Amino acid sequence: MFIDTHCHLDDPKLKDDLIAVVNEFKACGVGRVINIGCDVKSSELVKEQAEQFEEVYFAAGLHPMDIKDLEISAIYDIKGLLDHEKCVAVGEIGLDYYWDKSYSDKQKEFFVAQLELACAAGLPVNLHIRDAMGDACKILRENRDKLRYGGIMHCYSGSIESAKELMKLGLYISFGGSLTFKNARNIKEVAAAVPREYILTETDSPFLAPEPFRGTVNAPKRIPVIAEKLAEIRGEDIGEVETYVYENAKRLFSKLK
């Protein structure tokens, strides 16, 4: 079966018609999705959605763009969700300097604290890194002991060199709709070079719809489109991609059934 390792079913564009969204992705062969929290409220909501649907799992975390006005004690509100039978990761967490770099030190503090949280809970991390790859790699290297349960680099857009460094740290590389964009030459080169045992797929729904659906509301049903492009780039059969991506996901996310 196909798997979407990163989506946001709690977004208003999807949550108000969730039964239809789930039925549509199931009809397309997508058998599992991981619903990602970005703050305490959304983490609690994705948990509730995971409880509602067998196919849906979740991750709980504090996104770097959502921590500006928080105290570090907020991570304890996330901690209470991690023992849930369908919580498969801590995320999305990381660094984002794209919109506002003014509180980068606070982002780093929350990043390290959530790496510690994941390690203590025996869970992998789901990483969001934007315009901050240098700082992120430095933090990950310095905290390698906290990555013993692995992690996933969500919606990867970096270089082949950075991908190699991340894989050495035990992190998987996840590809989404941007892989299909006509001007995405760099990410296509990365997709061709990454060993299959490190590859995962995602939609980041409702964002980043793949071609030829770019500009529309994205949903997990688009995973086969992304997998097909991945197969084309790598010279593989889409059935191969479907199989090894799901095997990778099961290896990383120990609670996944």
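Reference entry: report on the structure contained in this document. It should be emphasised that the depicted structure is a prediction, and the values quoted were computed from it without experimental measurement.

Concerning the packing of aromatic side chains
Step number 1: As enumerated under the stated definition, the model contains two aromatic pairs in all.
Step number 2: Ring centres of Tyr98 and Trp99 lie 4.8 Å apart, and the angle between their planes is 85°; on these two criteria the pair is classed as edge-to-face.
Step number 3: Using a relative accessible area of 40% as the deciding quantity, one classes Tyr98 as partly exposed.
Step number 4: Residue class for Trp99 comes out exposed when judged on its relative accessible area of 62%.
Step number 5: Considering the side-chain rings of Tyr172 and Tyr198, the 6.0 Å spacing of their centres and the 50° angle between planes classify their relative orientation as tilted. Of the two residues, Tyr172 is situated in strand β7 (residues 171-175) and Tyr198 in the loop between α8 (185-193) and β8 (199-201); the sequence distance between them amounts to 26 residues.
Step number 6: Directly above the ring of Tyr57 sits Lys86, whose terminal nitrogen or CZ lies 4.8 Å from the centroid.

Focus on the state of the cysteines
Step number 1: Evaluation of the coordinates by the stated rule reveals zero disulfides.
Step number 2: Free of any disulfide, Cys155 has its nearest cysteine sulfur in Cys38, 13 Å distant.

Re the nonpolar core
Step number 1: The biggest cluster of nonpolar side chains holds 86 residues, and the ones touching the most others in it are Phe111 and Phe175.
Step number 2: Apart from the residues lying within four places of it in its own chain, the contact partners of Phe175 are Ile187, Val190, Ala191, Val194, Ile199, Leu200, Thr201, Glu202, Ile226 and Leu230.

Regarding the layout of surface pockets
Step number 1: Of the voids in this model, the largest pocket is the one considered here, and its volume is about 960 Å³.
Step number 2: Every residue lining the largest pocket is counted, 37 residues in all, and those nearest its centre are His128, Arg130, His154, Asp204 and Leu208.
Step number 3: Secondary structure elements with two or more residues in the lining of the largest pocket: α3 (40-52), β4 (87-96), β5 (125-130) and α8.
Step number 4: Among the residues forming the lining of the largest pocket, the class breakdown is 18 nonpolar, ten polar and nine charged.

What about the pairing of β7?
Step number 1: Of all five residues in β7, five are buried, a share of seventy percent or more.
Step number 2: Burial along β7 is two-sided: Leu171, Ile173 and Phe175 and Tyr172 and Ser174, pointing in opposite directions, are all buried.
Step number 3: Inspection of the sheet shows strand β6 (residues 151-153) paired to β7 by three bridges, in the parallel sense. Each bridged residue has a counterpart across the sheet, and for Ile152 the counterpart in β7 is Tyr172.
Step number 4: Crossover handedness for the path β6 to helix α7 (residues 160-168) to β7: right-handed.
Step number 5: What joins β7 to β8 is α8, and the crossover it makes is right-handed.

Quick look at the packing of helix α9 (residues 223-234) against helix α10 (residues 238-252)
When two helices pack together, their arrangement is given by the angle between the helix axes and the distance between those axes.
Step number 1: Between α9 and α10, whose axes approach to 8 Å, the crossing angle comes to 110°. When the axis of α9 is compared with that of α10, the two are roughly perpendicular. Our pair here, α9 against α10, has a crossing hand that is right-handed. Together, Pro224, Ala227, Glu228, Leu230, Ala231 and Arg234 of α9 and Ile238, Val241 and Tyr244 of α10 make up the contact between the two elements.
Step number 2: In the contact of α9 with α10, the residues fall into seven nonpolar, no polar and two charged.

A few points about the packing of helix α5 (residues 104-121) against helix α6 (residues 133-142)
Step number 1: One can describe the packing of α5 onto α6 by two numbers: an axis separation of 11 Å at closest approach and a directional angle of 35°. In this structure, α5 crosses over α6, and the sense of that crossing is right-handed. The residues of α6 that touch α5, namely those facing Lys108, Phe111, Val112 and Leu115, are Asp135, Ala136, Ile139 and Leu140.
Step number 2: By residue class, the composition of the contact of α5 with α6 is six nonpolar, no polar and two charged.

Looking at the pattern of salt bridges
Step number 1: With the rule as written, the count across this model stands at 15 salt bridges.
Step number 2: We note a salt bridge from Lys15 to Asp16, for which the minimum N-O separation is 3.4 Å.
Step number 3: A relative accessible area of 35% means that Lys15 is categorised as partly exposed.
Step number 4: When the shortest N-O distance is used, the salt bridge between Arg141 and Glu165 registers 2.2 Å. Here Arg141 is found in helix α6, whereas its partner Glu165 is found in helix α7, with 24 residues between them in sequence.
Step number 5: Owing to a relative accessible area of 46%, Arg141 belongs among the partly exposed residues under this scheme.
Step number 6: Salt bridges sharing partners connect three or more residues here, namely Arg196, Arg234, Glu236 and Glu240.

Conventions used here
- Residues numbered from 1 in each chain as written.
- Predicted model: local features only at pLDDT ≥ 70, side-chain atom pairs only at ≥ 80, totals over all residues.
- Heavy atoms only, no water.
- Phe/Tyr/Trp six-rings, centres within 6.5 Å; stacked < 30°, edge-to-face > 60°.
- Buried < 20%, exposed > 50% of the residue type's maximum accessible area, 1.4 Å probe, protein only.
- Helix = DSSP H or I, 4+ residues; strand = E, 2+ residues; numbered from the N terminus.
- Lys NZ or Arg CZ within 6 Å of the ring centre and 35° of its normal.
- Disulfide = S-S within 2.5 Å.
- Core = buried A, V, L, I, M, F, W, Y, C linked by side-chain atoms within 4.5 Å.
- Contact = heavy atoms within 4.5 Å.
- 1 Å grid on protein atoms, 1.4 Å probe; cavity = no way out; pocket = protein on both sides within 12 Å on 5 of 7 lines; lining within 4 Å.
- Points joined across faces, edges and corners; volume = space filled by probe spheres on them.
- Nonpolar A, V, L, I, M, F, W, Y, C, P; charged D, E, K, R; others polar.
- Pairing = 2+ DSSP bridges.
- Right-handed = clockwise from strand over helix to strand, strands pointing away.
- Axes fitted to C-alpha atoms, helices over the stretch in contact; angles between N-to-C directions.
- Parallel < 35°, antiparallel > 145°, perpendicular 65-115°, else oblique.
- Left-handed = near helix turned anticlockwise from the far one by under 90°.
- Salt bridge = Lys/Arg side-chain N within 4 Å of Asp/Glu carboxyl O.

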